[in-house]
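Secondary and tertiary structure notes
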Amino acid sequence: MCESKVYLDDDLIVEDAIRIEVEGDKIVIYDILGDRKEINGKLKLVDLKEHKIFINSR
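About the thresholds
- Residues numbered from 1 in each chain as written.
- Predicted model: local features only at pLDDT ≥ 70, side-chain atom pairs only at ≥ 80, totals over all residues.
- Heavy atoms only, no water.
- Helix = DSSP H or I, 4+ residues; strand = E, 2+ residues; numbered from the N terminus.
- Pairing = 2+ DSSP bridges.
- Axes fitted to C-alpha atoms, helices over the stretch in contact; angles between N-to-C directions.
- Core = buried A, V, L, I, M, F, W, Y, C linked by side-chain atoms within 4.5 Å.
- Buried < 20%, exposed > 50% of the residue type's maximum accessible area, 1.4 Å probe, protein only.
- Contact = heavy atoms within 4.5 Å.

Take unusual backbone geometry next. Even without glycine at this site, Asp9 takes up a positive phi of about 50°. Note that Asp9 resides in the loop between β1 (4–8) and β2 (11–23).

It is worth spelling out the sheet that holds strand β4 (residues 36–47) at this point. Reading around the barrel, the 5 strands line up as β1-β2-β3-β4-β5 and close back on themselves, with mixed pairing between neighbours. On average, each strand axis in the sheet is tilted by 65° relative to the strand beside it, whichever way the strands run. With 6 bridges connecting them, β2 and strand β3 (residues 26–31) associate as antiparallel partners. Residue pairing across strands places Val22 opposite Ile27, the latter belonging to β3.

All right, on to the nonpolar core then. By size, the foremost hydrophobic cluster in this structure holds 8 residues: Val6, Val14, Ala17, Ile27, Ile29, Ile39, Ile53 and Ile55. Taken together, the elements giving at least two residues each to this core come down to β2, β3 and β5 (52–57). Not counting the four nearest positions on each side in its chain, Ile53 is found in contact with Ser4, Lys5, Val6, Tyr7, Ile20, Leu43, Leu45 and Val46.

Structure below.
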């Protein structure tokens, strides 16, 4: 599987993310169960090898 972990300011906020949409200052994250989480922040790092995504809050 290709799920990723999403971290906000180094805190794990989504365990199994499968989709991320960037809408201006808003980042929308969807997990494998179809749940969605909206965060205000900025993408810092997407590490596809390690399946980790880091977001900075503003």
